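# Observations on the three-dimensional arrangement
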Amino acid sequence: MTQTDPQAHIRIVLIETSHSGNIGAVARAMKNMGLSNLYLVNPASFPDEASYARSSGASDILDRAVVVDTMEQAIEDCVLVMGTSARGRKVPWPVIPPSESAARAAEQAGQGDVALVFGRENHGLSNEELQRCHYHIHIPSNPDYSSLNLAMAVQVICYEVRMHQLRALEAGDGQALLKPMLRPGDEGWDIPLASVQDVEGFFGHLEQVLVDVDFHRRENPRQLMTRLRRLFQRAHLDQMEINILRGILSAVQKSAGGGQSRPEAEQEQD
């Protein structure tokens, strides 16, 4: 990550963390999402074995962590400060969701450092600390169980920062950085898609087996085969999957005494 990368100017600030293991877990969450600047305000214990053990390979972030005594010291050189809050306040404050906080962080990171502030495990940020923030970030969790583990909350925000950065890079250079889920037929799939002929052969075989085991009657079909066709068509079966399914059908026929196994050449290939 270069210094021109907005993520290089985004820092995670933890206020008076009581469990050092949570600091390590936060470092891990940060490294997962490409962030590296960690500020710790008056932690109960740091550095220690628990924080490094929980970091799971993100010890470099802990090594570079800046430890200060007050929140003021952690944010004094920042141009934008956003604090997480799970509850409403008596004095209304601008509240934004994680996705918008990521966009604002990226916008302002070019002008200077941005602080994303997280409070204590048991009661979060104080009113005074939240008043030092330009925005409050609210993670829309289950209102009946809204309390997030510290590292979980950091992971949510860091993920949004990461996704915003990837979208910006993709828009800037035209490369497909946010690749969709790999599906049958896509480049990189291990087996070619089954042909229409192969799929129709499977449907015919399936219907015959269902008749053999008295599950389906051709004279009173209703919509069974239509619905089964819709089900398997959604899967976009590849050639191997067709062979496996037909091998299963042949085994059912043989076991039920209603037919013979398919010729060996037609059975599934490993």
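Up top is the structure.
Below or above, wherever it landed, is the structure these notes cover.

Definitions and limits used
Residues numbered from 1 in each chain as written. Predicted model: local features only at pLDDT ≥ 70, side-chain atom pairs only at ≥ 80, totals over all residues. Heavy atoms only, no water. Helix = DSSP H or I, 4+ residues; strand = E, 2+ residues; numbered from the N terminus. Buried < 20%, exposed > 50% of the residue type's maximum accessible area, 1.4 Å probe, protein only. Contact = heavy atoms within 4.5 Å. Salt bridge = Lys/Arg side-chain N within 4 Å of Asp/Glu carboxyl O. Pairing = 2+ DSSP bridges. Phe/Tyr/Trp six-rings, centres within 6.5 Å; stacked < 30°, edge-to-face > 60°. Lys NZ or Arg CZ within 6 Å of the ring centre and 35° of its normal.

### Regarding the overall build of the chain
- Along the backbone of the chain there are 10 helices and seven strands.
- Counting over 270 residues, the chain shows a buried share of 38%.
- In the chain, of all internal contacts separated by at least 6 residues, the share reaching a separation of at least 24 is 76%.

### With respect to the pattern of salt bridges
- Taken as a whole, this structure holds 11 salt bridges when the rule is applied.
- Measuring nitrogen to oxygen at the nearest pair gives 2.6 Å for the salt bridge that ties Arg 120 to Glu 129.
- Glu 129 sits in the buried class, given a relative accessible area of 13%.
- Arg 132 is the partner of Glu 128 in a salt bridge, and the nearest nitrogen-oxygen pair spans 3.8 Å.
- Using a relative accessible area of 53% as the deciding quantity, one classes Glu 128 as exposed.
- On the accessibility criterion, Arg 132 (37% relative accessible area) is partly exposed.
- Connected through shared salt-bridge partners, Arg 11, Asp 77 and Asp 113 make up one network.

### Digging into the environment of Ser 101
- Considering the arrangement of structural elements, one finds Ser 101 in helix α5 (residues 98-109).
- In the structure, Ser 101 is positioned 63 residues away from His 164 in sequence and 10.0 Å away in space, judged by C-alpha atoms.
- In this view, Ser 101 contacts Met 82, Ile 96, Ile 137 and Ile 157; residues no more than four positions away in its chain are not counted.

### A word on the pairing of strand β6 (residues 113-118)
- By the criterion of burial, β6 is predominantly enclosed, with five of the six residues buried.
- Across five bridges, strand β1 (residues 10-15) lies against β6 in parallel orientation. Within the sheet, the bridge partner assigned to Leu 14 lies in β6 and is Phe 118.
- Pairing of strand β4 (residues 78-84) with β6 involves five bridges; the strand directions are parallel. Bridge pairing in β6 places Gly 83 opposite Val 117.

### Quick look at the packing of aromatic side chains
- Considering all chains together, one arrives at two aromatic pairs under this definition.
- Both rings, one in Phe 202 and one in Phe 203, keep their centres 5.5 Å apart while their planes meet at 45°; by these two values the pair is tilted. Residue Phe 202 shares its accessibility class with Phe 203, and that shared class is buried.
- Each member of the aromatic cluster is reached from another via a ring pair, and the members are Phe 202, Phe 203 and Phe 232.
- Here Arg 11 stacks its cationic end above the ring of Tyr 39, 4.1 Å away from the centre of that ring.

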